[in-house]
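Coordinate inspection notes
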Amino acid sequence: MEAERDDAAEPGTVVTPSAEFPPLGAEERAALGRLGTRWHGPRDAGDLPVDPTLGRRGQPPRPTRFGRLAPIDLFTVAQPDELVATGPAYLPGNRAGRVVARVRRTLIGPPLASSSVLYERMRKLVALPVLSSDLLSSVAYGPEAMLAVLVLAGGAALGLALPLAALLAVLMVAVGLSYRQTIPAYPHGAGSYLVASDNLGRTAGLAAAAGLMLDYVLTVSVSVAAGVHAVTSALPGFTRWTVPLGVLVIAVLLAGNLRGVRTAGNIFVLPTYAFVVVVLAVLAVGYAKAAARGFAPVPPPAVPAAEGLGLLLVLRAFSSGAVSMTGIEAVSNAVPAFRPTEWRNARTTLGWMVAMLVTLFAGLVGLIHLDGLVPRADETLLSQLGRVTFPTGPGYAILQATTALILLLAANTAFNDFPRLLFFMARDGHAPRRFLHMGDRLAFSNGLVALALAAATVFVAFGGHTQTLIPLYAVGVFLAFTLSQTGMVVHWRRRRGRGWRRPLAVNAVGATLSGLVLLTAAVAKFTEGAWVVVVAVPLLVLLFRRIHRHYATLHRALALHPPPPGAPPGPAGSAEGEELPQQVRHLVIVPVARLNRASLRALAYAASLGRPTLAVHIAPEEAEADRFRDQWRAWGDHLRLETIVSPYRSVIGPLAHYLEALHAAGPELTLTVIVPEVVLRRRRHRLLHSRAEQRLRAALRALPGVVVTSVPVHVSQ
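What counts as what
- Residues numbered from 1 in each chain as written.
- Predicted model: local features only at pLDDT ≥ 70, side-chain atom pairs only at ≥ 80, totals over all residues.
- Heavy atoms only, no water.
- Helix = DSSP H or I, 4+ residues; strand = E, 2+ residues; numbered from the N terminus.
- Buried < 20%, exposed > 50% of the residue type's maximum accessible area, 1.4 Å probe, protein only.
- Contact = heavy atoms within 4.5 Å.
- Areas by Shrake-Rupley, 256 points an atom, 1.4 Å probe, with all protein chains shown as cover.
- pLDDT = per-residue confidence, 0-100.
- Pairing = 2+ DSSP bridges.
- Axes fitted to C-alpha atoms, helices over the stretch in contact; angles between N-to-C directions.
- Patch = residues over 30% accessible without salt bridge, like charges linked within 9 Å, V, L, I, M, F, W, Y side chains within 5 Å.
- Salt bridge = Lys/Arg side-chain N within 4 Å of Asp/Glu carboxyl O.
- Lys, Arg positive; Asp, Glu negative; His and termini not counted.
- Charge placed at Lys NZ, Arg CZ, Asp CG, Glu CD.
- Parallel < 35°, antiparallel > 145°, perpendicular 65-115°, else oblique.
- Left-handed = near helix turned anticlockwise from the far one by under 90°.
- Core = buried A, V, L, I, M, F, W, Y, C linked by side-chain atoms within 4.5 Å.
- 1 Å grid on protein atoms, 1.4 Å probe; cavity = no way out; pocket = protein on both sides within 12 Å on 5 of 7 lines; lining within 4 Å.
- Points joined across faces, edges and corners; volume = space filled by probe spheres on them.
- Phe/Tyr/Trp six-rings, centres within 6.5 Å; stacked < 30°, edge-to-face > 60°.

1. A short note on the overall build of the chain
Along its length, the chain carries 24 helices and seven strands. For the chain, with 717 residues in total, the buried portion stands at 49%. A fraction of 79% describes how many contacts in the chain between residues 6 or more apart in sequence connect residues 24 or more apart. For the chain, the computed accessible surface area is about 35,100 Å², with 62% contributed by carbon and sulfur atoms.

Structure below.
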C-alpha cells in the first residue's frame, strides 16, 4: 500500500498569474502600517478627473474626436473603486500595432482571462499522450542506441541486449514507482527541483534543476532529430534538408504551445495514441510470425568487431538504452496541469505511462533480437522492423508516419515542463522573474521561447544527428532522478508517517539504481560528449546562485524600513532614503537649448510645481552664451539661469557632470530634471533629430537621487 498524500501539502495549485506579484511579508506589512501613520500628504480627490457616478450610468460617456484620449468604454465597473479592462483596451493605438495584434491572435488565439487558469487543465486521457509523448517516443531510438554500442563488439555481442533490456525494465519500474511516491507528497509540481531543494538543500535542488533544464533542451533536440531521421529513412531525398526541417518543426511546436495547455494538448493527443496502437500492432504481428517458426531467432548478419567486449562497453550500452526513460519525471513536474484531484489523476497517469513504456521497450528489443536486425547508418532499427513485419501493404508507411509524428511532437513534453520549472525557480529567485509571467493564452510564453531558442541552437550546432546528441542526454536526466529520489528518502525519514518504511524503500531502490546509471553514463560517455553536461551543471548552478544573490540584494534595497516610532520626520541623509512626502526636498532643473514653445512649456510646467527651479543652458562659446542671456532677459528673467560654456561642443557630458556636482553638494535633495521633448508623429522623421533627451536620461540613470521626466510637445506633421 502506498503512502497517503502529505497532509501538510495545500490543495490546488500555486501556478497562477498572480505569482508575478508576491504579497508583502508580515514584517513589511507592519512596516507599511507604521509608515502610513507618518504620511502627511494631500487626500482630497475632488479635483481629480474621476467620475464617481460611473458605476450608476446606463451608458458610459463616449468621447468625441476632440475629447479625452482614453474612451471610458474600454473598462467596466466590477465594484466601487475598481475598473476591469475589456478586450478593446489591449489593442494598440496605431495601425501597425493593430495589424501585429491581429496576426498574433490568428497564430495563438485570442487572450484568455486570468480566471480561466482553473479551466486550462488536462483530463487524464489528454494528459497521458501529452506528457508521455517524450517517454513513449524514446522507444523509437532507445533500443537502437543500446544496440549501436553492443554491435561495436561484433554480432555475437548483440545477445547481451536481452539481459540489459531486462535490467532496464526493472529500472523503469523502480523509478516509476519512486515518482508515484513523489506526486502525492509534493502535489504542487516542480518535481526533482522542489524535492531536492526541500530535503537536500538549495545547491542540490539547483543541480537537479540544471540537469532537468539540460534534459528538456536535449529532449527537444533529440526528439526532433530522431523524427527528421525517421522521415529521411523513408524519403532519403530529404536528407540534405535535415537542419531546416528540424528548425521548422521546433517553430511549429512553439506556436502550438503558445496557444495554451489545453489547446496544445488536444493537438498532440492523436499522434501519441496512433503510435502506441501501431507499435502494438507491429509487436503482435511480429511475435505471431516468430511463434510460427517456434521463436527461433534469425541469425544476424556478420558484423566485424571494432572494439573488444568488456565491462566498459556493456556499461556504455546500458546507459545508452537508459535514454528510453527520459520523460518519466514529466508527470511529477506538471501535477498542477491536471484537473482536480490533481495528485491522484497525475499518479494514475504515471502508472499507465510506465506500464506502456515497459511493454513497448521490452517487446521491441525482444522482437529485434528474434528478427536478427542490427543497427545501420542509413535506416533506423524501427524502420527495418517495420519492413520485416509489414513487407506488403500500408503497414510500413503507417508505422513510419506515426513514428515521425510522435518523435517530432515528443518535444511537447519538454514544452510543458521546462516553462513550469522556470516558473518555480523564478518564484524562488533563482531565475529571471520574467518567467513568472503568463502570456495571452495563460502559457508561460517567455519560458517557451527560451526553450525553443536553446533547442534550435543545439540542433543546428550538432547538425541534427541523433547519435551525436544522445551521449549528452542521460547524465542530466539521471542526475535529477538521483537527487529527487534521494530527497524523497530524506523526506520519509523526516516525516515518519503511517507506513513510511515502504515508500522509503521504494525511493531508496530508485535512488540507488538511478545513481548507478548516472555514474555509468558520466564515466562511460565522458569522452563522447557527456563532459559537456558534467561541466554545464555546476556552471548553471553558479549562474542560478548569482541570480538569487542579485534578487536578494534588490529585495534588501527595496524592502520597507521605516524610521523608529517617534522619530522626527526630518530630511533623510540621502534623497533615495525618502519614504514620506514631508521628507522630500526638491530642486527642479530644466535644460534649455533654445527658447521656443517646447522649452517654454517645460519651464511653465516646472514653475507650476512651486519648487525651487533652475534653468541650465549649455553654450559652445562665450558669444552664444551672451546671446542666450540677452534672450533670457528679453523673456523676463523669471527663473534663475545658469549658463555653462562647453568649448568642445559636448552637451550631455557637461550637463551630467554639473548635475552630479549639484547632487554631491546636497545629497538630501531630489533633483528633478524636466526635459522638453518633441514628439513626432512619423517614425521616419526621428532620424532628423538628435534625441538629446534620451541620451541625457541614459547618462543620468546611474546617478542616485535624480528624477528625469519629459514634457512632450506633439507635432502633427
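2. Some points on the confidence of the model for the chain
Considering every residue of the chain, the mean pLDDT works out to 78; 79% of them sit at 70 or more. pLDDT under 50 marks residues 1-13. Its contacts with residues more than four places away, or in other chains, come to 28 contacts. Confidence over residues 50-61 falls short of pLDDT 50; this stretch has 10 contacts with residues more than four positions distant or in other chains.

3. Let's talk about the sheet that holds strand 3 (residues 585-591)
Strand pairing in a sheet takes place through backbone hydrogen bonds and is either antiparallel or parallel in direction. What the five strands build is an open sheet, ordered 5-4-3-6-7; its pairing is parallel. Edge positions in the sheet fall to strand 5 (640-645) and strand 7 (706-715), since each of these pairs with one other strand and no more. Averaged over all adjacent pairs, the angle separating strand axes in this sheet is 30 degrees, with direction ignored. Sheet topology places strand 3 next to strand 4 (residues 613-619); four bridges connect them, and they run parallel. Bridge pairing in strand 4 links Pro591 to Val616.

4. Quick look at a nonpolar patch on the surface
Where nonpolar side chains cluster on the molecular surface, the patch consists of Phe526, Trp531, Val532, Val534, Val535 and Leu539 and spans about 520 Å² of accessible area. Within the secondary structure, Leu539 sits in helix 20 (residues 526-558). We classify Leu539 as exposed; its relative accessible area is 53%.

5. A few points about a positive patch on the surface
Taken together, the side chains of Arg202, Arg545, Arg546 and Arg549 present a region of like positive charge at the surface. For the positive patch, the element with the highest residue contribution is helix 20, accounting for three residues.

6. Description of helix 13 (residues 381-389)
Extensive coverage of helix 13 is indicated by the burial of seven of its nine residues. Those residues of helix 13 that sit buried are Leu381, Leu382, Ser383, Gln384, Leu385, Gly386 and Thr389.

7. Describing the packing of helix 5 (residues 161-185) against helix 19 (residues 501-524)
Packing of helix 5 against helix 19 brings their axes to within 8 Å, and their N-to-C directions diverge by 130 degrees. As summarised for this structure, helix 5 and helix 19 are arranged oblique, according to the angle between their axes. When you trace helix 5 past helix 19, the crossing you get is left-handed. Residues Leu171, Ala174, Val175, Leu177, Ser178 and Gln181 of helix 5 form the contact with helix 19, whose participating residues are Pro503, Val506, Asn507, Val509, Gly510, Leu513, Ser514 and Val517.

8. A few points about the pattern of salt bridges
Summed over all chains, the structure comprises six salt bridges. Ionic pairing is found between Arg293 and Asp371, a salt bridge with its closest N-O pair at 3.2 Å. Taken together, the residues span a long stretch of sequence, with Arg293 in the loop between helix 9 (261-292) and helix 10 (311-321) and Asp371 in helix 12 (residues 342-371) at a distance of 78 residues. A relative accessible area of 33% places Arg293 in the partly exposed class. A salt bridge links Arg387 to Glu379, with the nearest nitrogen and oxygen atoms 2.5 Å apart. Accessibility expressed as a relative area gives 7% for Glu379, which makes it buried.

9. Examining the nonpolar core
Core analysis: the largest hydrophobic core is formed by 137 residues, its most contacted members being Leu150, Val220, Val224, Phe415, Met425 and Phe478. A total of 18 residues in this core trace back to one element, the largest contributor, which is helix 7 (residues 202-234). The residues touching Met425, leaving out its near neighbours within four places in the chain, are Tyr193, Leu206, Ala209, Met213, His430, Ala431 and Phe544. With 20 residues, the next largest nonpolar core counts Val616, Ile652, Leu671 and Val708 among its residues.

10. Looking at empty space enclosed by the protein
Inspection of the entire model under this criterion finds two cavities of 30 Å³ or more. Taken as a whole, the second largest cavity spans an internal volume of roughly 50 Å³. Taken together, Val139, Ala140, Pro143, Glu144, Leu364, Ile368, Leu381 and Leu382 make up the lining of the second largest cavity. Listed by contribution, the elements that provide at least two residues to the lining of the second largest cavity are helix 4 (142-150), helix 12 and helix 13.

11. Describing unusual backbone geometry
With a phi close to 55 degrees, Phe295 is a non-glycine residue in the positive phi region. Along the chain, Phe295 turns up in the loop between helix 9 and helix 10. Unlike most non-glycine residues, Asp637 shows phi in positive territory, near 50 degrees. Examined against the element boundaries, Asp637 turns out to sit in the loop between helix 22 (622-635) and strand 5.

12. Observations regarding the packing of aromatic side chains
Given two aromatic rings, their pairing is described by the distance between the two centres and the angle made by the two planes. Going through the model one piece at a time under the given rule, you end up with seven aromatic pairs. Grouped by ring-pair contacts, the aromatic residues Tyr179, Phe478 and Phe481 constitute a single cluster.

13. Let's talk about the environment of Thr326
Tracing the backbone shows Thr326 in the loop between helix 10 and helix 11 (330-333). We classify Thr326 as buried; its relative accessible area is 0%.

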